[in-house]
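Close look at the chain arrangement
The residues making up each chain are set out below.
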Amino acid sequence: MFVEEKVFDRSTAIFTATVAVAAAIVTIAGLTPANSPLHVSSYIVSLLGKYITYAILALAVDLVWGYLGILSLGHGAFFALGGYALGMYLMRQIGAQGVYGNPDLPDFMVFLNWDSLPWYWLGSDNFLFAALLVLLLPGLLAFVFGWLAFGSRVSGVYLSIITQAMTYALMLAFFRNEMGFGGNNGLTDFKSLLGFSLQSDSMRVALFAASAIMLLCAYLVCRSVVASRLGRVCVAIRDAESRTRFIGYRVENVKLAVFTLSAMIAGVGGALYVPQVGIINPGEFAPLNSIEIVVCVALGGRGRLYGAVIGAFVMNFIKTWFTAAMPDAWLFALGMVFVLTTLFLPSGLIGLPAQLRRLLQKINRRNHTAANAKGAKA
Amino acid sequence: MRFPIVILSFLLAICLVSVDTKAAMLEPATELTTALSASSVSERDKAITLLRDNTSPQATALLTALRDGRLMLDRESGTLYIADTGDTLTNALTGELISKNQDTPLRKVGTSNRQRQEISAILDSRMLTSSDVQARRIAAAALTTTLTPAIDRETLTTLLTTEKDGQTRDSLNTAWALLTSAETQSSTEDLLRAITALEKNAQGPARQTLEKLARADNATVATTASEALYRLRVKTEWAGFAETLFFGLSLGSIMVLAAIGLTITFGVMGVINMAHGEMMMLGAYTAWGLQQILPGHTGLALLLAIPASFMVSGGMGILLERTVIRFLYGRPLETLLATFGISLILQQAVRTLISPMNRAVASPEFMSGMWQISSNFSLTCNRVYIIIFCMITFGLIYAAMHKTRLGLEVRAVSQNRSMARAMGIRDARVDALTFGLGSGIAGMAGVALSQITNVGPNLGQTYIIDSFMVVVFGGVGNLWGTLVGGLTLGVANKILEPISGAMLSRIIILVGIILFIQKRPRGLFPQKGRAAEG
């Protein structure tokens, strides 16, 4: 018997309400004139927008890791691909405003003495097409990769390692100038999106608001998957893969579907990241980025979607603070977060209250027995 | 008793004579001095003629100095000096050494271009008849570097009849062949002999000459030359292939060294040690540190670094196992994250404590240099040593795993932990030691690595993904798999590199392995039987 789980349960309601209210406050504060006491600078708005895009990526990771048990160390690749897809569009939007003033070719192609756009850049000047690519590119990569990997039942640590190899190979590939994506420097110097200047404050606030809305959408999509029958099967696969297979579920297909969906969500995050940061380069494919996001999820608490979002915010806040205050200590701090989270926070920050409660109970019980023993002696 | 005395007095006489010749005046002194101190350059011709047939070391030294512009004239006393590389001057006629004085008004004795060429020719032919084998070899080899050797046929023929040293003879033969081919009226028979000689030494001019002969009008000569060229091309290709193979094997050896520790820890504990690369880095830094402590004893420091790095990295490994990893058994994915965190901490620690810059570890003398096998195939010594080092290490580890008590326990725990515990094996101790062993080997790999690349905080990161690939490709927990996998990947990399470039070849290999894993999810040599389950 299957008890239907509500998509919009209590925690979801609290989460959506909190995010919506917080985002609305930041949006309004960002739009107030600069001299008002409520004003939030566009730097902060963009920074928060960047956090939100990481939170979207963390959601995607939590969907596959928390519910399906697939530890992907290559989700950064989907994020970066989404970024590159939108980056191509932004590159074409520069038009003749580039350094070389060539209306048809991006600067780096002029620099490489190319005389025409490569075929895969065709259509990149159309926003709708670019938006479609943002979903399709990571989705396609995830589909092909997952089809190969899940079909031959590669799982566990092996899968983690080959996802890492995937993102590493992509990083090396995008470093090459011949790839036609700007090589080392990547795509940058963006000027406008849909005709609005990316430098203006209102555009930054708009991008932030769009990111917040996308976060809510992504959350609801994930939530609806998790609450559905499919979500139940996912958890079953996570906890006992062979049994689920023997009952008659097509484990590969479930994994493939959820993995592809997760990659698309990651791609959306990447696409929102690029205009707010202003650059996308092969460094985004670095294995470290993917692992960092995984640790965000672990820190927040996996297997509960809002945990990933909380983890992404906490982690990136720490990162921003450390890289500004003491940049040398950042890697120490990051390393410690990795170790301490895995050792002491098995269910992350959101599991911390329950963990503390259990600990208190244990201490209480011990004191109680100790007191009893004393009493008995006396 | 008389006999030794005779010998002694004889030796004494020799000494006296040799001292005597050294101190002897270069004759004819006055004529030489006049010719060389004259302001007109054409006067030097006289001096060159005077010295042409004088084969004494002093005459040679004087001619060399004259050619190289190191012959100086003291304008006050009219004495001729040879400027040495140090702070001394040698009297050109008496051989007497004096220290350089700033106030001496020295003037360089000038020569014309033609004169310098003439002196070089004299010196070269003098070297060809020198009693020193090395000098003869160099001089004969110099003859083969131009299309038309600067020597006449008669001299060459005489030299060929008297020369005993094989290498010199070969060069002289090539020179003879070059001369013969350059002349228009050489007989077919001579030309055919020339082709045989040219084929032996097929460098630069010799090859060009062969190519010219292949286009000759004489049909016999042309076909023989083409055949020789074809054989040469095949030989060059083989040499090229052997060289690629060699480079591939040396790269593969590094990969094997890096991956072997990983496969042991993964095979036994199911633990992915992401800090493995940093263990290599620690080993490499140990080698660097020992060289700092023992300056001047590069070789000794490097040899000491092998056990020392094993201790340092192994100790670090045991420390990690005891403090972090043992709390995470049964949770391989969490271990992966925790060890990754440790790798970040270790990297940053090295950056903070030592330096973010790369450090160079010196190669000891016996490891630098080349090992010439044939004229177009040579091996770099440090890579040869790395291959040997890898093979020895592999043999030792294989022996340790299969012949010792610890190896037996390690294999028992890796196959069935609970059964091993039931048999009285203390698995916690085995875990710690295995982790230490794996990390220690990584440290030794780091020492090997320090010989081919600079040592820096990012050293481990560069190799970690490749080592994972080797383990996954070869099959986890299988030493032979790691050996075959590592060497295969190394060779494949080096074969692809010239075709597609370094970056693309790595990408191709990574994608290739990802696809390979789809076909054989447990690698080349999967564990069989019950050990494969769970």
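Keep in mind it's a predicted model, so treat the numbers as computed, not measured. (Residues numbered from 1 in each chain as written. Chains lettered and ligands numbered in written order. Predicted model: local features only at pLDDT ≥ 70, side-chain atom pairs only at ≥ 80, totals over all residues. Heavy atoms only, no water.)

Before going further, it helps to spend a moment on the sheet that holds strand S1 (residues 71-74) of chain B. All names here are of chain B. Strands sit in the order S4-S3-S2-S1-S5 across an open sheet of five strands; the sheet is antiparallel. What marks the edges here is a single partner per strand, and that holds for strand S4 (97-99) and strand S5 (106-108). On average, adjacent strands in this sheet sit at an angle of 40° to one another, irrespective of strand direction. Across three bridges, strand S2 (residues 80-83) lies against strand S3 (residues 88-91) in antiparallel orientation. Bridging across to S3, Ala83 finds its partner in Leu89. (Pairing = 2+ DSSP bridges. Helix = DSSP H or I, 4+ residues; strand = E, 2+ residues; numbered from the N terminus. Axes fitted to C-alpha atoms, helices over the stretch in contact; angles between N-to-C directions.)

All names here are of chain B. For the pair helix H11 (residues 219-269) and helix H19 (residues 459-474), interaxial distance at closest approach is 8 Å and the crossing angle is 65°. In terms of their interaxial angle, H11 and H19 are classed as roughly perpendicular. As for the relative orientation of H11 and H19, their crossing is right-handed in sense. Of H19, the residues touching H11 (which contributes Ile254, Met255, Ala258, Ala259, Leu262, Thr263 and Phe266) are Tyr463, Asp466, Ser467, Phe468, Val470 and Val471. (Parallel < 35°, antiparallel > 145°, perpendicular 65-115°, else oblique. Left-handed = near helix turned anticlockwise from the far one by under 90°. Contact = heavy atoms within 4.5 Å.)

So, about the nonpolar core. Among the nonpolar cores identified, the biggest contains 145 residues, and Trp65, Leu187 and Phe285 of chain A are the most heavily contacted of them. Sequence-distant contacts of Leu187 of chain A, that is, excluding residues within four places in its chain, are made with Tyr84, Gly87, Met88, Met91, Phe108, Trp121, Phe181, Gly182, Gly278, Ile279 and Ile280 of chain A. (Core = buried A, V, L, I, M, F, W, Y, C linked by side-chain atoms within 4.5 Å. Buried < 20%, exposed > 50% of the residue type's maximum accessible area, 1.4 Å probe, protein only.)

All names here are of chain B. Here S1 shows two buried faces, one formed by Leu71 and Leu73 and the other by Met72 and Asp74. By the bridge criterion, three bridges tie S1 to S2 in an arrangement that is antiparallel. Its bridge partner lying in S2, Leu71 is registered against Ile82. Hairpin connection of S1 to S2: five residues between the antiparallel strands, including Gly78 at a positive phi of 75°. Relative to S5, S1 runs antiparallel, the two being bridged by three bridges. The residue of S5 that forms the bridge with Met72 is Lys108.

All right, on to the state of the cysteines then. Residues and elements named next belong to chain A. One pass over the full model with this rule turns up zero disulfides over all chains. No disulfide involves Cys234; its sulfur sits 11 Å from that of Cys222, the nearest cysteine. Free cysteine Cys296: the closest other cysteine sulfur is in Cys222, separated by 16 Å. Judged by its relative accessible area of 2%, Cys296 is buried. (Disulfide = S-S within 2.5 Å.)

What follows covers the interface of chain A and chain B. If you look at the interface, chain A gives 42 residues, while chain B gives 39 residues. Of the roughly 3700 Å² buried between chain A and chain B, counting both surfaces, carbon and sulfur atoms make up 81%. The partner of Glu334 of chain B in a salt bridge is Arg302 of chain A, with the nearest N and O atoms 3.6 Å apart. Across the chain A-chain B interface, the total number found is two residue pairs in polar contact (both at pLDDT 80 or more). Contributing elements (two or more residues each) for the side of chain A that touches chain B: helix H5 (127-151), helix H6 (156-175), helix H11 (287-300) and helix H13 (330-344) of chain A. (Buried area = accessible area lost by both parts, 1.4 Å probe. Salt bridge = Lys/Arg side-chain N within 4 Å of Asp/Glu carboxyl O. Polar contact = N/O pair within 3.5 Å; in protein donor to acceptor, adjacent residues only side chain to side chain.)

Our focus in this paragraph is the domain arrangement of chain A. Quite often, the size of an interface is put as the accessible area lost when its parts meet. Segmentation of chain A into domains returns domain 1 (10-347) and domain 2 (353-378). Here domain 1 of chain A and domain 2 of chain A have C-alpha centroids that lie 46 Å from each other. (Domains from an automatic or database assignment.)

To continue, consider the pairing of S3 of chain B. Along any regular strand, the residues point their side chains to alternate faces of the sheet. All names here are of chain B. Where S3 and S4 come together, three bridges link them in antiparallel fashion. In the strand pairing of S4, Thr90 is matched with Leu97. Hairpin remark: S3 followed by S4, antiparallel, with five residues in the connecting loop; positive phi at Gly95, about 80°.

Residues and elements named next belong to chain A. Considering all chains together, one arrives at 25 aromatic pairs over all chains under this definition. Grouping aromatic residues by their ring pairs yields a cluster made of Tyr84, Tyr120, Phe174, Phe181 and Phe285. Positioned over the ring face of Trp65 is Arg302, at 4.4 Å from the centre of the ring. (Phe/Tyr/Trp six-rings, centres within 6.5 Å; stacked < 30°, edge-to-face > 60°. Lys NZ or Arg CZ within 6 Å of the ring centre and 35° of its normal.)

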